[in-house]
Amino acid sequence: MNSERRAAWSWAFYDWANSAFATTVMAGFFPLFFAQYWAASLAPGERTFWLGVASSVSSIVVMILAPLLGGLADRKGLKKRFLFIATLVGAGSTAALHGVAAGHWPLALGLFTLASIGFFAGISFYDSLIVNIAPAAKLDRISAIGYGLGYLGGGLLFALNVFMFQKPQVFGLASGADAILLSFAMVGIWWLLFSLPLFRHVPERPLAQASGSDWQELLRTFRQVLGMKPVLMFLGAYWLYIDAVDTIIRMAVDYGVKLGFDPSALILALLLVQFVGFPAA
């Protein structure tokens, strides 16, 4: 495999790596486990409220940090370094959920918020690296491979985690709760392990240094954007759109349970989506 193909596949496999968090944790087990294990003492509406707070806080933090860190990463060639930090925060916080005991919902919610910040902040740096490994004519194809691998990788680990939950004794576990706690640790390890090819094989290409400090460059960029009405409309519309998509992903299982759907049916539906999404992507 030549270096260009190796870099492209290494980039795409980061989606395989971090999609385990999106499926097993964010969309699948965390909402259910938060409600039934960590926050069982809270009223149903209160549990949903705090889950929404965690979602909002992570989105706001990433929205504030992304322009500054993104500009700094572009100017100084720090995309991979910032992606590595985001990956450590996300995967480490996810794995730490394994040690949170029943009833300790503030700690579980705090770790989930940190993991979500690592996940969403990392995506911005990950996406920006595609221009380092693909010519313009291949951007769509390589991006689609990344999406496809994300559905497949996230789906495969989620399938294993669901089987662990349904048959914990097969894995030497005492209960389904132990299986879910172990699943959080597995996601953290999976995320770190399969991100390694990107950090090894994807090149970092710093841009030419701009004049002025980082803050001056950031302010200059903001002034330019403020003068571009189509760009402002796109950014505003995209932020509202993507935040709605993320809210559906994070809250769907919790909302479905509130409507009276069987949690097992919701989990299996989510699992089915992954294996429909893979060939479609």
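This text follows the structure it describes.
Residues numbered from 1 in each chain as written. Predicted model: local features only at pLDDT ≥ 70, side-chain atom pairs only at ≥ 80, totals over all residues. Heavy atoms only, no water.

When helices and strands are tallied, the protein shows ten helices and zero strands. Counting helices and strands in the order they occur from the N terminus, the protein gives α-α-α-α-α-α-α-α-α-α. In summary, the protein has a C-alpha radius of gyration of 20 Å against a globular reference of 19 Å for 281 residues, a match within 12%. The principal-axis extent of the C-alpha atoms belonging to the protein is close to 60 × 45 × 30 Å. Considering the protein as a whole, with its 281 residues, one finds that 43% of them fall into the buried category. Counting every atom, the protein has about 14,200 Å² of accessible surface; 70% of that belongs to carbon and sulfur. Positive and negative side-chain charges of the protein, numbering 18 and 14 respectively, have mean locations separated by a distance of 8 Å. (Helix = DSSP H or I, 4+ residues; strand = E, 2+ residues; numbered from the N terminus. Rg over C-alpha atoms; globule rule 2.2 N^0.38 Å. Buried < 20%, exposed > 50% of the residue type's maximum accessible area, 1.4 Å probe, protein only. Areas by Shrake-Rupley, 256 points an atom, 1.4 Å probe, with all protein chains shown as cover. Lys, Arg positive; Asp, Glu negative; His and termini not counted. Charge placed at Lys NZ, Arg CZ, Asp CG, Glu CD.)

With respect to the helices and strands, the residue V62 is situated in helix α2 (residues 44-76). Once residues within four sequence positions are removed from consideration, V62 is found in contact with I117, F120 and A121. (Contact = heavy atoms within 4.5 Å.)

The subject of this paragraph is the packing of aromatic side chains. Summed over the entire model, instances satisfying the criterion amount to 29 aromatic pairs. Ring geometry for F21 against W191: centres 5.5 Å apart, planes inclined by 35°, an arrangement best described as tilted. Of the two residues, F21 sits in helix α1 (residues 3-38) while W191 sits in helix α7 (residues 176-201), which places them 170 residues apart along the sequence. F21 gets classed as buried once you look at its relative accessible area, which sits at 0%. (Phe/Tyr/Trp six-rings, centres within 6.5 Å; stacked < 30°, edge-to-face > 60°.)

So, about the pattern of salt bridges. Tallying each qualifying case throughout the model produces two salt bridges. Among the ionic pairs, K138 bridges to E4, the shortest N-O distance being 3.3 Å. You can see K138 sitting in the loop between α5 (130-133) and α6 (139-166) and its partner E4 sitting in helix α1, a full 134 residues away along the chain. Accessibility expressed as a relative area gives 40% for K138, which makes it partly exposed. (Salt bridge = Lys/Arg side-chain N within 4 Å of Asp/Glu carboxyl O.)

We now examine the packing of α2 against helix α9 (residues 229-258). Two elements in contact, α2 and α9, have axes whose closest approach is 11 Å; the angle formed by their N-to-C orientations is 160°. As judged from the angle between their axes, α2 and α9 are roughly antiparallel. Along this stretch, α2 crosses α9, giving a crossing that reads as right-handed. Residues P44, T48, L51, G52, A54, S55, S58, S59 and M63 of α2 form the contact with α9, whose participating residues are W239, D243, R250, M251, D254 and K258. (Axes fitted to C-alpha atoms, helices over the stretch in contact; angles between N-to-C directions. Parallel < 35°, antiparallel > 145°, perpendicular 65-115°, else oblique. Left-handed = near helix turned anticlockwise from the far one by under 90°.)

On to a nonpolar patch on the surface, then. Among the surface-exposed residues, M228, V231, F234, L235, Y238 and Y241 lie close enough to one another that they form a single nonpolar patch of about 600 Å² accessible area. Looking at the secondary structure, you find Y241 in helix α9. (Patch = residues over 30% accessible without salt bridge, like charges linked within 9 Å, V, L, I, M, F, W, Y side chains within 5 Å.)

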